[in-house]
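Examination of the molecular architecture
Spelled out, the chains give:
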Number of protein chains: 2
Amino acid sequence: MSPSSATGAGSPAGPGPAASADTGRVTGRSLAKASRRAALLSAAAKLFAERGFNGVSIEDLGSAAGVSGPAVYRHFSSKHAVLSALLTGVSQDLLDGGQAVVENSPGPEEALRGLIEFQVDFALRNPDVIRVHDRDLDSLPPEDSQAVRALQRAYVEVWVAVLSRVLPGQEPARLRVRAHAAFGLINSTPHITHRGKPVRDKIWRRNLLEQMAWAALKAE
Amino acid sequence: MSPSSATGAGSPAGPGPAASADTGRVTGRSLAKASRRAALLSAAAKLFAERGFNGVSIEDLGSAAGVSGPAVYRHFSSKHAVLSALLTGVSQDLLDGGQAVVENSPGPEEALRGLIEFQVDFALRNPDVIRVHDRDLDSLPPEDSQAVRALQRAYVEVWVAVLSRVLPGQEPARLRVRAHAAFGLINSTPHITHRGKPVRDKIWRRNLLEQMAWAALKAE
DNA sequence: AATTCAGGTTAGTGCTCGTTAACCGAATTG
DNA sequence: CAATTCGGTTAACGAGCACTAACCTGAATT
């Protein structure tokens, strides 16, 4: 429930042993398995955010999800695969969500507003995943991180495309810096959240971040 | 040379074995030692930024500084002590620099401009240290990280004090969120810098970040 | 009801890595 | 010029950990 795509987008993303002999049949076991997988990803988000990828052992991960140790390998082929599934899921969610926002917007200004609201909402709702993303992406083997980076780049390009219509005539390189700066601004909240204690979702925080992001993006 | 306070602020900060029998005498050996220590901190900044604290071994660290393995323990009491010295140094530099900027400013508006320029300059010059700071601060044992966090908090308060004069009547909590958001915006550049390749210091990037930060901080 | 199979368990296994031990040679010191 | 300190070396130790092996049990299948 807490991590966005723990079950949904995660399943096709993770090429774990779970995909073997998938008959499509909905049995009691398959449900239990899906929920285990979701619990593992949720625990991974929390633990990786707290201690970093290398600071969490497979044993930690399993026991946080109610099983212990090597049972994790019934759901993921390796420890890296857990991180990969987590980051791929979140990146895919962001890309899908961003594209949907733009498609449902009547014009560029509304699209930019929508993107800002979407990103702020996401950052405030999933601080753990945000933190893992820009902390441990480099902990992945190159081939895995490339997939995540590709999704991430595509998401940035969604923003750049909108920005190029809001600020016509600006070079793409400048717009890309603008987009990254906005992400940094919006994603700054996980740095405030004191480890472990969830920050109450004050409305004024959401509004303040949106206004600052808007002002920064339209500056000059 | 590249990390700001490798030798200067690091010496009183790191309670390593180097402090023993410090006669103040400037001998050939002590100079060599200081430069070794600086080289170690510089290598640490680079390596920790690339692979994360837990992804770098003592052997890696030593050999990157021209010595190999356990020689590191002649300069630091532990691997954590290296990270601690690095982060303490940079946090102290930021605090000192920020205070100096404010003291030399005629008014709050100029002080805020000065702080922004200072932070942008620092972030563009030391992307490695920035990255290590908000990635591996939690890798420290609690007692060490508290010292760094105290310096960090003090630096934030310098910003908040200035902001409270630029935006009178705003609650401190709101100003603190503003300050953190500005840091996130300004420090976003390390996320663009592609691992290993140094980003050319384009002037427009510096100006753009300053304008965005200014607009964001004065928004609403 | 018999059989298969998938998801769980508890023991290893081999490797990495932080740290210490023991020793060495040169710069510093008296 | 002897004595000593100190920064460096290589060797070894011990812990932690990702991953594998062997086995067990109960749901799914026929």
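What comes next is a walk through the structure. Worth saying up front: this structure is predicted, and the values here are computed from it rather than measured.

**Here's the deal with the overall build of chain A**
In terms of regular secondary structure, chain A is built from 10 helices and zero strands. Reading chain A from its N terminus to its C terminus gives the helix and strand order α-α-α-α-α-α-α-α-α-α. When burial is assessed residue by residue, chain A has 50% of its 220 residues classed as buried. About 10,400 Å² of surface is accessible on chain A, with carbon and sulfur atoms providing 53% of the total.

**What about the relation of the copies chain A and chain B?**
Between chain A and chain B, the superposition needs a rotation of 180° and an axial shift of 0.0 Å, giving an RMSD of 0.0 Å. Put plainly, the chains are arranged around a two-fold axis.

**Regarding the protein's contact with DNA strand C**
Close to DNA strand C lie 21 residues, the nearest being Arg36 and Arg74 of chain A together with Thr27, Ile58 and Lys79 of chain B. For DNA strand C, the fraction of atoms within 4 Å of the protein that belong to sugar or phosphate moieties is 58%. A distance of 3.0 Å separates a phosphate oxygen of DNA strand C from a polar atom in the side chain of Lys33 of chain A. Contact distances for DNA strand C include 2.7 Å between a phosphate oxygen and a side-chain N or O atom of Lys79 of chain B. Secondary-structure elements contributing two or more residues to the surface near DNA strand C are helix H2 (28–51) of chain A together with helix H2 (28–51) of chain B.

**A few points about the interface of chain A and chain B**
Across the boundary between the two partners, chain A contributes 31 residues, which contact 31 residues of chain B. Between chain A and chain B, a total of about 2,900 Å² is buried, with carbon and sulfur atoms accounting for 65% of that surface. Counting across the chain A and chain B interface gives two salt bridges. Ionic pairing is found between Arg131 of chain B and Asp138 of chain A, a salt bridge with its closest N-O pair at 3.2 Å. For the pair chain A and chain B, the number of links is three residue pairs in polar contact (both at pLDDT 80 or more). Broken down by secondary-structure element, the contributors of at least two residues to the side of chain A that touches chain B are helix H6 (127–136), helix H8 (172–186), helix H9 (189–192) and helix H10 (203–217) of chain A.

**Digging into the protein's contact with DNA strand D**
Around DNA strand D there are 21 residues in total, and Thr27 and Arg29 of chain A together with Arg36, Arg74 and His75 of chain B lie nearest to it. For DNA strand D, the backbone makes up 59% of the atoms found within 4 Å of the protein, where backbone means sugar plus phosphate. Contacts to DNA strand D include Arg74 of chain B, whose side-chain N or O atom sits 2.2 Å from a base oxygen. At the level of elements, H2 of chain A together with H2 of chain B are the ones that each hand at least two residues to the surface near DNA strand D. With three residues, the single largest contributor to the surface near DNA strand D is H2 of chain B. Of the residues assigned to the surface near DNA strand D, the class counts are eight nonpolar, six polar and seven charged.

**Overview of the packing of aromatic side chains**
Each aromatic ring pair is summarised here by two numbers: the centre-to-centre distance and the angle between the ring planes. Within the structure shown, the criterion is met by eight aromatic pairs over all chains. Residues Phe48 of chain A and Phe53 of chain A carry aromatic rings whose centres are separated by 5.2 Å and whose planes lie at 65° to one another, so their mutual orientation is edge-to-face. With centroids separated by 5.0 Å and ring planes inclined at 80°, the aromatic side chains of Trp159 of chain B and Phe183 of chain B adopt a geometry described as edge-to-face. You can see Trp159 of chain B sitting in helix H7 (residues 142–166) and its partner Phe183 of chain B sitting in helix H8 (residues 172–186), a full 24 residues away along the chain. Residue Trp159 of chain B shares its accessibility class with Phe183 of chain B, and that shared class is buried.

**Some details on unusual backbone geometry**
Residues and elements named next belong to chain B. Even without being a glycine, Glu220 presents a positive backbone phi close to 80°. With respect to the helices and strands, the residue Glu220 is situated in the segment after helix H10 (203–217). Take Glu220: its relative accessible area is 70%, and that puts it in the exposed class.

**Looking at H7 of chain B**
In an α-helix, one turn spans 3.6 residues, which is why side chains three or four residues apart end up on the same side. All names here are of chain B. Between the first and last C-alpha of H7 there are 35 Å, a value that for 25 residues agrees with the 36 Å anticipated at 1.5 Å per step. Of the residues making up H7, those classed as buried are Asp144, Ser145, Val148, Leu151, Tyr155, Val156, Val158, Trp159, Val160, Val162, Leu163 and Val166. Buried positions along H7 lie against helix H4 (79–103), helix H5 (108–125), helix H6 (127–136), H8 and H10.

**Structural notes on the pattern of salt bridges**
All names here are of chain A. In this structure the tally under the stated criterion is 15 salt bridges over all chains. Asp121 is paired through a salt bridge with Arg206; the nearest N and O atoms lie 2.8 Å apart. Of this pair, Asp121 sits in helix H5 (residues 108–125) while Arg206 sits in helix H10, and the two are 85 residues apart along the sequence. What emerges from the salt-bridge pattern is a single network uniting Asp121, Arg125, Asp201 and Arg206.

**Digging into the environment of Ala65 of chain A**
Residues and elements named next belong to chain A. In this fold, Ala65 is placed in the loop between helix H3 (58–64) and helix H4 (79–103). By relative accessible area, which is 12% here, Ala65 ends up buried. For the pair formed by Ala65 and Ser35, sequence separation is 30 residues and the distance between their alpha carbons is 10.0 Å. Apart from residues no more than four positions distant in its own chain, Ala65 is found in contact with Arg36, Ala39 and Leu40.

**With respect to the packing of H4 of chain A against H5 of chain A**
The relative placement of two packed helices comes down to the angle between their axes together with the axis-to-axis distance. Residues and elements named next belong to chain A. Where H4 meets H5, the closest approach of the two axes is 9 Å, and the angle between their N-to-C directions is 150°. The angle between H4 and H5 places the two elements in the roughly antiparallel class. Between H4 and H5 the crossing geometry is right-handed. Here Val90, Asp93, Leu94, Gly97, Gly98, Val101 and Val102 of H4 lie close against H5, whose contacting residues are Ala111, Gly114, Leu115, Phe118, Gln119 and Phe122.

**Digging into H5 of chain A**
Residues and elements named next belong to chain A. In this model, H5 (18 residues) spans 25 Å end to end at C-alpha, consistent with the 26 Å of a helix rising 1.5 Å per residue. Considered for burial, the residues of H5 that qualify are Ala111, Leu112, Gly114, Leu115, Ile116, Gln119, Val120, Phe122 and Ala123. Contact partners of the buried residues in H5: H4, H6, helix H7 (142–166), H8, H9 and H10.

Rules and cut-offs
- Residues numbered from 1 in each chain as written.
- Chains lettered and ligands numbered in written order.
- Predicted model: local features only at pLDDT ≥ 70, side-chain atom pairs only at ≥ 80, totals over all residues.
- Heavy atoms only, no water.
- Helix = DSSP H or I, 4+ residues; strand = E, 2+ residues; numbered from the N terminus.
- Buried < 20%, exposed > 50% of the residue type's maximum accessible area, 1.4 Å probe, protein only.
- Areas by Shrake-Rupley, 256 points an atom, 1.4 Å probe, with all protein chains shown as cover.
- Least-squares fit on C-alpha atoms with pLDDT ≥ 70 in both.
- Near = heavy atom within 4 Å.
- Polar contact = N/O pair within 3.5 Å; in protein donor to acceptor, adjacent residues only side chain to side chain.
- Contact = heavy atoms within 4.5 Å.
- Buried area = accessible area lost by both parts, 1.4 Å probe.
- Salt bridge = Lys/Arg side-chain N within 4 Å of Asp/Glu carboxyl O.
- Nonpolar A, V, L, I, M, F, W, Y, C, P; charged D, E, K, R; others polar.
- Phe/Tyr/Trp six-rings, centres within 6.5 Å; stacked < 30°, edge-to-face > 60°.
- Expected span 1.5 Å × (residues − 1).
- Axes fitted to C-alpha atoms, helices over the stretch in contact; angles between N-to-C directions.
- Parallel < 35°, antiparallel > 145°, perpendicular 65-115°, else oblique.
- Left-handed = near helix turned anticlockwise from the far one by under 90°.

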